[in-house]
Amino acid sequence: MERPIRVLVAKPGLDGHDRGAKVIARALRDAGMEVIYTGLRQTPEQIVEAAIQEDVDVVALSILSGAHNTLFPKITKLLKERGAEDILVIGGGVIPEEDIPFLKEHGIAEIFTPGTPTSAVVEYIKTHVKRLAKK
């Protein structure tokens, strides 16, 4: 039997608000995924280490602090350095539309902004997890 999709939900940086991350974590869990939530104020290094240790398929980053253009690319860079570029990385939170192309150029597969239905995040993950797409 195939294992469920494993998702690490992470809050990088000094952002202290995690309601959205918890809503996403619950929606993913309710959709049958295994969810690991790192908690608040995680460094990129902590997030990457947890992703590798937990053997996740997806890292879902949530940010409201405005530091997305610094923290998100650092996470994708560290994943690549650790040979884990097969992990799907998505982001969400208060991210200006004009920053999204930059983030995608730096390895963030998709950005979900406020108001996105949780079902859209679930479907995106289900259709883009690399180990499933290879079949």
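As the structure is a computational prediction, the values presented were derived from the model and not from experiment.

A.B. asks: I tried to follow the overall build of the protein chain on my own but got confused; where do I start?
C.D. replies: Within the protein chain, the regular secondary structure consists of 6 helices and 5 strands. Here the C-alpha atoms of the protein chain give a radius of gyration of 13 Å, agreeing with the 14 Å that 2.2 N^0.38 yields for 135 residues. With respect to the three principal axes, the spread of C-alpha positions in the protein chain is 40 × 35 × 25 Å. Taking all 135 residues of the protein chain together, the buried fraction comes to 45%. Accessible surface, the protein chain as shown: approximately 7,100 Å² in total, 53% of it carbon and sulfur.

A.B. asks: Just checking my understanding: could you explain the environment of G39 for this structure?
C.D. replies: For G39, the position within the fold is in the loop between β2 (34-37) and α2 (44-53). Linking G39 and S62, residues 23 residues apart in sequence, is a C-alpha distance of 11 Å.

A.B. asks: Looking at this model, I keep getting lost on the nonpolar core. Mind explaining?
C.D. replies: Soluble globular proteins tend to bury their nonpolar side chains together. Counting 24 residues, the largest nonpolar core has L8, V59, L61, F72 and L79 as the members making the most contacts within it. Listed by contribution, the elements that provide at least two residues to this core are β1 (6-10), α2, β3 (58-63), α3 (68-81) and α4 (100-105). Tallying contributions element by element places α3 first for this core, with 5 residues. Those residues in contact with V59, other than ones at most four positions away along the chain, are L8, I47, A51, I87, L88, V89 and I90. Ranked by size, the runner-up nonpolar core spans 17 residues in total, among them L28, V58, L88 and V129.

A.B. asks: Looking at this model, I keep getting lost on the side chain of K11. Mind explaining?
C.D. replies: If you trace the backbone, K11 turns up in the loop between β1 and α1 (19-30). Reaching out from K11, the side chain makes a polar contact with the backbone oxygen of H17 at a distance of 2.6 Å.

A.B. asks: I keep staring at the sheet that holds β2 and nothing clicks. Help me out?
C.D. replies: Each strand in a sheet pairs with its neighbour through backbone hydrogen bonds, running either in the same direction (parallel) or in the opposite one (antiparallel). Spatially, β2-β1-β3-β4-β5 is the arrangement adopted by the 5 strands of the open sheet, whose pairing is parallel. Here the strands that pair on one side only, and so sit at the sheet edges, are β2 and β5 (110-112). Shown here is a sheet whose adjacent strand axes are inclined to one another by a mean of 20°, direction ignored. Along the sheet, α2 makes contact with β1 and β3, crossing β1 at roughly 165°. On top of the sheet, α3 reaches β3, β4 (88-93) and β5; it is set at about 165° to β3, its chief contact.

A.B. asks: Sorry if this is basic, but what is going on with the environment of L8 here?
C.D. replies: Following the sequence through the fold, L8 ends up in strand β1. As a C-alpha pair, L8 and V56 span 48 residues in sequence and 6.5 Å in three-dimensional space. The contact partners of L8, leaving out residues within four places of it in the chain, are I36, T38, I47, A50, A51, V56, V58, V59 and A60.

A.B. asks: For this particular structure, what's the right way to read the pairing of β2?
C.D. replies: Residues in a regular strand project their side chains so that they alternate between the two faces of the sheet. When β1 meets β2, the two strands line up parallel, connected through 4 bridges. In the sheet register, R6 faces β2, and the bridge partner there is E34. Since β1 and β2 lie parallel, the crossover through α1 that links them has a hand, and here it is right-handed.

A.B. asks: I would appreciate a short explanation of the environment of D86 in the present structure.
C.D. replies: Following the sequence through the fold, D86 ends up in the loop between α3 and β4. Exposure remark for D86: the relative accessible area of 44% places this residue in the partly exposed category. If we skip the residues at most four places from it in the chain, D86 touches D57 and K130.

The rules behind these values
- Residues numbered from 1 in each chain as written.
- Predicted model: local features only at pLDDT ≥ 70, side-chain atom pairs only at ≥ 80, totals over all residues.
- Heavy atoms only, no water.
- Helix = DSSP H or I, 4+ residues; strand = E, 2+ residues; numbered from the N terminus.
- Rg over C-alpha atoms; globule rule 2.2 N^0.38 Å.
- Buried < 20%, exposed > 50% of the residue type's maximum accessible area, 1.4 Å probe, protein only.
- Areas by Shrake-Rupley, 256 points an atom, 1.4 Å probe, with all protein chains shown as cover.
- Core = buried A, V, L, I, M, F, W, Y, C linked by side-chain atoms within 4.5 Å.
- Contact = heavy atoms within 4.5 Å.
- Polar contact = N/O pair within 3.5 Å; in protein donor to acceptor, adjacent residues only side chain to side chain.
- Pairing = 2+ DSSP bridges.
- Axes fitted to C-alpha atoms, helices over the stretch in contact; angles between N-to-C directions.
- Right-handed = clockwise from strand over helix to strand, strands pointing away.

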